[in-house]
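# Inside the fold
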Protein chains: 2
Amino acid sequence: MAERTGAAPDQDLENNDKDMWALRRNISDILESHQEPHLQSPAREPLLRSRTNTTSQIALIGANVCPIESLDYELIENDLIKQNWRSRTKAQIFQYIFLKWTFALLIGLTTGLVGFFNNIAVENLAGFKLLLANYLMLSRKYYLAFAAYASCNVVLATAAAALCAYIAPAAAGSGIPEVKAYLNGVDAHVILAPSTLFVKIFGSIGGVAAGFVVGKEGPMVHTGACIANLLGQGGSRKYHLTWTWLRFFKNDRDRRDLITCGAAAGVAAAFRAPVGGVLFALEEAASWWRSALLWRTFFTTAVVAVVLRALIRFCRSGNCGLFGKGGLIMFDVSSAVTGYKTDDLLAVIFLAVIGGLLGSLYNYLVDKVLRTYSIINEKGPRFKLLLVMAISLLTSCCSYGLPWLAKCTPCSIDLKEPCPTIGRSGNFKNFQCPPNHYNDLASLFLNTNDDAIRNLFSTGTGKEFQVTSLLIFFLGVYTLGIITYGIAIPSGLFIPVILAGASYGRLVWTLFSPIFEIDAGLFALLGAASLLGGTMRMTVSLCVIMLELTNNLLILPLVMVVLLISKTIADIFNKGVYDQIVEMKGLPFMEAHAEPYMKHLVAADVVSGPLVSFNGVEKVGNIVHALKWTRHNGFPVIDEPPFSDAPELCGLVLRSHLLVVLKKKIFSSERVLSGQGILTRCKAFDFGKAGLGKGLKLEDLDISAEEMEMYADLHPITNTSPYTVVESMSLAKAALLFRELGLRHLCVVPKTPGRPPITGILTRHDFMPEHIMGIYPHIARCK
Amino acid sequence: MAERTGAAPDQDLENNDKDMWALRRNISDILESHQEPHLQSPAREPLLRSRTNTTSQIALIGANVCPIESLDYELIENDLIKQNWRSRTKAQIFQYIFLKWTFALLIGLTTGLVGFFNNIAVENLAGFKLLLANYLMLSRKYYLAFAAYASCNVVLATAAAALCAYIAPAAAGSGIPEVKAYLNGVDAHVILAPSTLFVKIFGSIGGVAAGFVVGKEGPMVHTGACIANLLGQGGSRKYHLTWTWLRFFKNDRDRRDLITCGAAAGVAAAFRAPVGGVLFALEEAASWWRSALLWRTFFTTAVVAVVLRALIRFCRSGNCGLFGKGGLIMFDVSSAVTGYKTDDLLAVIFLAVIGGLLGSLYNYLVDKVLRTYSIINEKGPRFKLLLVMAISLLTSCCSYGLPWLAKCTPCSIDLKEPCPTIGRSGNFKNFQCPPNHYNDLASLFLNTNDDAIRNLFSTGTGKEFQVTSLLIFFLGVYTLGIITYGIAIPSGLFIPVILAGASYGRLVWTLFSPIFEIDAGLFALLGAASLLGGTMRMTVSLCVIMLELTNNLLILPLVMVVLLISKTIADIFNKGVYDQIVEMKGLPFMEAHAEPYMKHLVAADVVSGPLVSFNGVEKVGNIVHALKWTRHNGFPVIDEPPFSDAPELCGLVLRSHLLVVLKKKIFSSERVLSGQGILTRCKAFDFGKAGLGKGLKLEDLDISAEEMEMYADLHPITNTSPYTVVESMSLAKAALLFRELGLRHLCVVPKTPGRPPITGILTRHDFMPEHIMGIYPHIARCK
């Protein structure tokens, strides 16, 4: 085994024993290296250390820090896998394709069902709570009503928070940033675990039903991804449920595809927007995309749409308790004739500009609040619970207290609905008002978020809401939305932003209604679009989601204009909210473009040694030592005389593959090419990647001192086609290669002859701005 | 200059003169090589030769063969460009971004205007023609009516064909395959020329107005791309209109982005579907995609939508002749209540399966017809004209003759429209029928294609069309659609397929209407979707386009199911129609995935010599010779002693950059590093890529015999960061690298030390199946 530093390569390649000593001496150096960490517990340390140079780094949010592992989308080409390709029958290929589609179907079905269950549960829980409060209000027991309302909320909130704090801390928050990071190649293990799935579903129901200003959309995306991961994981070894035909998916590429489908299915189930779901996955979630995947994702969301449609039809006959009204389209405003003239564009542009500013302010404040909360949350589960309770009480106070500020509005005569509202549903809450009057603010605050949005979007209702009520509601939800995100419950960002945006749109409408003849509902919709554009920074997917939410194609050009303007304005100030959270969580996200300063560096500038490499036929003891004392996941394999004329790079061998060979003890007592042993005794599937850190660990091995002196032929498990760059390759182009091909390791080879055949390995962390600026502080200064 | 073969590298690197002789001796070999051709006239020869091994190759279609050039999306990093980066001011960067968006705006504006002009021209020309025929029919002058109708058609068709045959043969056909190939990196120069743009616009108007079963959608995509190319080209050197601020776009990457925007704008203008346009560009047209581009494309199509909406409003007051009715949505069926039950899915699945079969049959027949027509078209423009005339007469006979087969239907009393139709528009053509009767087949055939589709899609009209009429119409348009594509007029495929599909859908409806209660218009829509899915094989974009065409969101799940099934069925039999045409035209299209057999080959297996390389400081004479006697576009530059300790790969120099240095005569009389001369005398923009083969040519140079003996320092113009693969890299992974990064040249470096630092260059052609199977015929047999 040879150990070298990138900068001063050790030319003495023959003396293995000496090198072995060198290794032992340098153990501490190696541990200090920032090479890609393995999944074991100390894994995040190097990352965090490499980030200490920047000032803005804070502790990970969500309190419980989870180990991070990079994913590898590179095609591993070793002799064993090649043998497997050759022996692959047509039936097996067909089976593989069939399974992929079956899984897409299953993901769609399950996500659709879960989304539907979520809907029913929320509507019934929240509905019961509101009915109770309403009943007590009618009998003028105002304090009792508040007590009942607030305690219902606190109980639901605490239940959700307890699940989150004690069972799966990773389930807190939106989940979209984590899914996005996973699809970029960063696996924070717990994030897609079954426990997370369980808590995400029930925590989200509790959180939304508790009246928080949170949505179920982000959590649905996360839920979809968890379902996909669970299905694709291939059973559970723990419960002896290992389905052999699932071995096909035991690699990062196929899992990534499944999880992309899951994320799309989540959006489709949350918004009942199948096309929007596909586009969301494409534009926001996924980092790599293939047209075959587009099609499969499309299939998944189609299944979701069909399932939801059938179930919603079933519920119309009153089988689902308080859930029952409404069709597939959540906020149908297609009936409205929404004419607008070219002059109206001025008002729309004004709306979009301010919306963009409000959106970027939202992101800024969410960031600050998250950083504050993370300090509280880190103190332990109890503090998490206390925070949730406090916010829940505050929310209850706002929703119940603020409507008292509103004046009572007399019911209009030409209304089709009963006014004031009887029972739970309906837009005209009586609240404290005399008969035949309604409290417009109560109709917004004391309603489910979905109903409030529907009220605001409804057309021809310009005079239904007073300006002061709208202003109070806007300020209320804008603030509550910001301070709610970050507490220990699953919480989506879409609904808060739509709520604030819709009330903001109506406010702008009241400003312009004397000048322009334009509908208030339309302005509410455009306001929502502008705030969404300002926070999420998506374009096509938001546009299609808005379209599928409202079923009004005629407003499409206006929505496009609004989104373009608000995104442009907001982009001047900060990043999109999901990108911001990814950055804050310290996940090493690879951007699609290279940073400008990377053009002035070359690959060798960021490679840092020491590099641990193996011989083609290596002593078992050396392998075990290297695995034990480094956390590297890939080791270069170098053929040396007598196996080649001169030292040459044979390829790259993975830690997980080495562990399988060590476990199976395929050794020979002589230093000879004994690769045939592996080829006959192993199958490619033995080297499949296990899910969720269930892979072999070094501690599982039991190797005798005698075996330590034997040799293992690494050739059959060496990936002979690793991607390489010359050390003088510009870092920008190396980063592009790394990102576009979804690599985990990129070998750096020397430019000049007569040196060892590899000078270092680049991993994801080497491309992170924090790492580069740590080495070259002047870049940070120039920036 | 060193000349080596990939297989047996010449180790003698010092003796340049000897090598020079070797070069002269091997000139014929070099000419025989299949290295990437330059743009000059013999350019396509190597491609064609390399393809002769396969049996299915036929001559290029469109008769006039145009030179093909590969595009290079790699970032060139040489000293000159690096110098430029460093000196770039913030104002310049802002200017660049501003220009990109301005161009997106301009493309949207222009394409919107052209699309609108196209609409008005077609509606007025075709409207006048149909009015004339109608008038003559009313006075029972049947033969005269036919004569007038047919001669109008022939005149319009001949005009369009004459434009096509004599001015711009490249404008014939849909244009989508060529745009798709361009965006994949294959530039067939004439395809985006101004003359092509001119002919495409007017030819398309003539063709559609002439009553052919062709659409304006494909041509609009091509038009959009041409407009984008023209705008992005940076003025015309010929007319001294070179705008210096356009120098930013003088590279393939920025042009590709502009043309993607143009293609999206084309779809948006043709279908008035802005989101559909973006998705079309994303799913079908573009091979590379970035989220920044998504946003810019979205902006372009938003501009198109706003422009169209404003112009259509303007026309409503009758300012545009016969064009005036209708809104932004072409076939609005949102008013229809389209309920469907889960049982109805059976009928829909049946429809989709047969639709998929019909779609793949369509593709098969289009392929056969194209191959037949290409033989006729190659004989010369006159034959092209004759073919167009023949098809025009046949079309006229069909549209005028077939309605005589239909029975007259009495007008229903509860119709809202006048029956029979008065004037041009309207769905109830009187034709030969007695008063108060209408001929349903004439209402389909003797109408513009758009109106016929609107008739078929209209809901609640199950009894308006007879089964025999629908059958005749379906067979008529299905056949006419197939035999019309390939004649020398701009012709889109969308409208023929939608027409055939809609009538097919209604036919299936008559089959199922006794069993299921489902709307005939809905079935027409689903029929169109199924046939589109079966021919085009798109998913999300078709879905959104259908949505934007019809404004009926409720049918979305059904459309998704239909598209999925029909695409799956059709994919069993053949490729999508555009892929088929790309293949038939012999354009070297790089697929996103590597073929399975590539896994069994390595990069060195397909590299074929001889390789021509330069020294870092090279004799001018050698450069001129190499440029003259090879058609290579990239040459490796190798540093040799005394400039380095051992031969090492310095990088890659481009033909176009060499020509600039030769033109500027930046030579030195000694063999020394004189690169500073280039850095001071040139700017990066001098090396920008000229448009449409306008770049410097070798013939433009005038180099004296004395200068031939001087030296040029190639270092400042050498791209020092070319992507490289080791010769033992599997071809599949090399292909992935090549495709994902949009390369033109991929350097193959040796695995073992002590050999020359480069063994060959892979270009697009080396990855083509025809080339590989030419070298390894057994692969073709195994396949």
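Residues numbered from 1 in each chain as written. Chains lettered and ligands numbered in written order. Predicted model: local features only at pLDDT ≥ 70, side-chain atom pairs only at ≥ 80, totals over all residues. Heavy atoms only, no water.

## Section: the interface of chain A and chain B
Between chain A and chain B, the residue contacts involve 69 residues of the former and 69 residues of the latter. Approximately 6200 Å² of surface area, both sides summed, lies buried where chain A meets chain B, with 72% of it carried by carbon and sulfur atoms. In terms of surface lost to chain B, no three residues of chain A exceed A:Trp295, A:Phe298 and A:Lys733, which account for 12% of the buried area on that side. At the junction of chain A with chain B, the criterion picks out two salt bridges. With a closest N to O distance of 2.7 Å, B:Lys733 and A:Glu74 form a salt bridge. Run the count over chain A and chain B and you get 14 residue pairs in polar contact (both at pLDDT 80 or more). Top element by residues in the side of chain A that touches chain B is helix α12 (residues 291-316) of chain A. It accounts for ten residues. (Contact = heavy atoms within 4.5 Å. Buried area = accessible area lost by both parts, 1.4 Å probe. Salt bridge = Lys/Arg side-chain N within 4 Å of Asp/Glu carboxyl O. Polar contact = N/O pair within 3.5 Å; in protein donor to acceptor, adjacent residues only side chain to side chain. Helix = DSSP H or I, 4+ residues; strand = E, 2+ residues; numbered from the N terminus.)

## Remarks on the sheet that holds strand β11 (residues 724-726) of chain B
Residue and element names in this part refer to chain B. Across the sheet, three strands lie side by side as β11-β12-β13; this open sheet has mixed pairing. Edge positions in the open sheet fall to β11 and β13 (760-762), since each of these has one partner strand only. Between one strand axis and the next, the sheet turns through 35° on average, direction left out of account. (Pairing = 2+ DSSP bridges. Axes fitted to C-alpha atoms, helices over the stretch in contact; angles between N-to-C directions.)

## Considering the relation of the copies chain A and chain B
Superposition record for chain A on chain B: RMSD 0.0 Å, screw rotation 180°, translation along axis 0.0 Å. Those values place the two copies in the arrangement expected of a two-fold rotation axis. Interface overlap between copies is the fraction of interface residues in one copy that are interface residues in the other; for chain A against chain B it reaches 100%, indicating a shared surface. (Least-squares fit on C-alpha atoms with pLDDT ≥ 70 in both.)

## Remarks on the pattern of salt bridges
Taken as a whole and assessed by the stated rule, the structure comprises 34 salt bridges over all chains. Put simply, A:Lys575 and A:Glu591 hold a salt bridge, and the shortest N to O gap is 4.0 Å. Of this pair, A:Lys575 sits in the loop between α21 (556-573) and α22 (577-584) while A:Glu591 sits in the loop between α22 and α23 (603-606); the two residues are 16 residues apart in sequence, bridging distant segments of the chain. Taking the shortest distance from any N to any O, the salt bridge between B:Lys180 and B:Asp579 comes out at 2.6 Å. Taken together, the positions of B:Lys180 in helix α7 (residues 176-184) and B:Asp579 in helix α22 (residues 577-584) put the pair 399 residues apart, joining distant regions of the chain. Ionic contacts of the salt-bridge type, sharing partners, join the residues A:Lys180, A:Glu284 and A:Asp579 into one network.

## Let's talk about the state of the cysteines
Covalent bonding between the sulfur atoms of two cysteines defines a disulfide. All names here are of chain B. In this structure the tally under the stated criterion is two disulfides over all chains. The disulfide partner of cysteine 408 is cysteine 433, and the gap between their sulfur atoms is 2.0 Å. Around the S-S axis, the bridge from cysteine 408 to cysteine 433 shows a dihedral of about -95° and counts as left-handed. Residue cysteine 408 is located in strand β4 (residues 408-410), and its partner cysteine 433 is located in the loop between β4 and β5 (437-439); the two are separated by 25 residues in the primary sequence. (Disulfide = S-S within 2.5 Å.)

## So, the pairing of strand β8 (residues 634-639) of chain A
Residue and element names in this part refer to chain A. Most of β8 sits out of view: six of its six residues are buried. Of the two faces of β8, the one carrying Gly634, Pro636 and Ile638 and the one carrying Phe635, Val637 and Asp639 are both buried. Note that strand β6 (residues 611-615) and β8 share two bridges and pair parallel. Note on β8: the bridge partner recorded for asparagine 615 is isoleucine 638. As paired elements, β8 and strand β9 (residues 648-654) share six bridges and run antiparallel to each other. Residue pairing for β9: aspartate 639 is matched across the bridge by glutamate 648. (Buried < 20%, exposed > 50% of the residue type's maximum accessible area, 1.4 Å probe, protein only.)

## Structural notes on the packing of helix α5 (residues 90-138) of chain B against helix α8 (residues 194-209) of chain B
Residues and elements named next belong to chain B. Across the interface, α5 lies against α8 with an axial gap of 9 Å and an inter-helix angle of 30°. Two packed elements cross with a definite hand, and for α5 against α8 that hand is right-handed. Counted together, Val114, Phe117, Asn118, Ala121, Val122, Leu125, Ala126 and Lys129 of α5 and Ile201, Phe202, Ser204, Ile205, Val208 and Ala209 of α8 form the full contact between these two elements. In terms of residue class, the contact of α5 with α8 is made up of eleven nonpolar, two polar and one charged. (Left-handed = near helix turned anticlockwise from the far one by under 90°. Nonpolar A, V, L, I, M, F, W, Y, C, P; charged D, E, K, R; others polar.)

## Observations concerning the confidence of the model for chain A
All names here are of chain A. Summarising the model, chain A shows a mean pLDDT of 83, and 86% of its residues fall at 70 or more. Here residues 1-65 is modelled with pLDDT under 50, and outside its nearest four sequence neighbours on either side it reaches 143 contacts, counting other chains as well. Model confidence for the complex is summarised by a pTM of 0.87, with the ipTM given as 0.86. (pLDDT = per-residue confidence, 0-100.)

## A few points about the nonpolar core
Membership of the largest hydrophobic core comes to 334 residues, with the highest contact counts inside it found for A:Phe457, A:Phe494, A:Met536, B:Phe457, B:Phe494 and B:Met536. Leaving out residues up to four positions away in the same chain, B:Phe494 has contacts with B:Ile176, B:Glu217, B:Phe271, B:Phe280, B:Leu532, B:Met536, B:Met538, B:Leu542 and B:Tyr578. Judged by nonpolar contacts, the second largest core, of 54 residues, contains A:Met598, A:Leu762, B:Ala603 and B:Val725. (Core = buried A, V, L, I, M, F, W, Y, C linked by side-chain atoms within 4.5 Å.)

## Here we look at the environment of B:Val562
Residue and element names in this part refer to chain B. Along the chain, valine 562 turns up in helix α21 (residues 556-573). For valine 562, a relative accessible area of 0% gives the class buried. Along the chain, valine 562 and glycine 356 lie 206 residues apart, while their C-alpha atoms are 9.0 Å from each other. When neighbours within four sequence positions are excluded, valine 562 is seen to be in contact with Val348, Leu351, Ala352, Leu526, Ala529 and Ser530.

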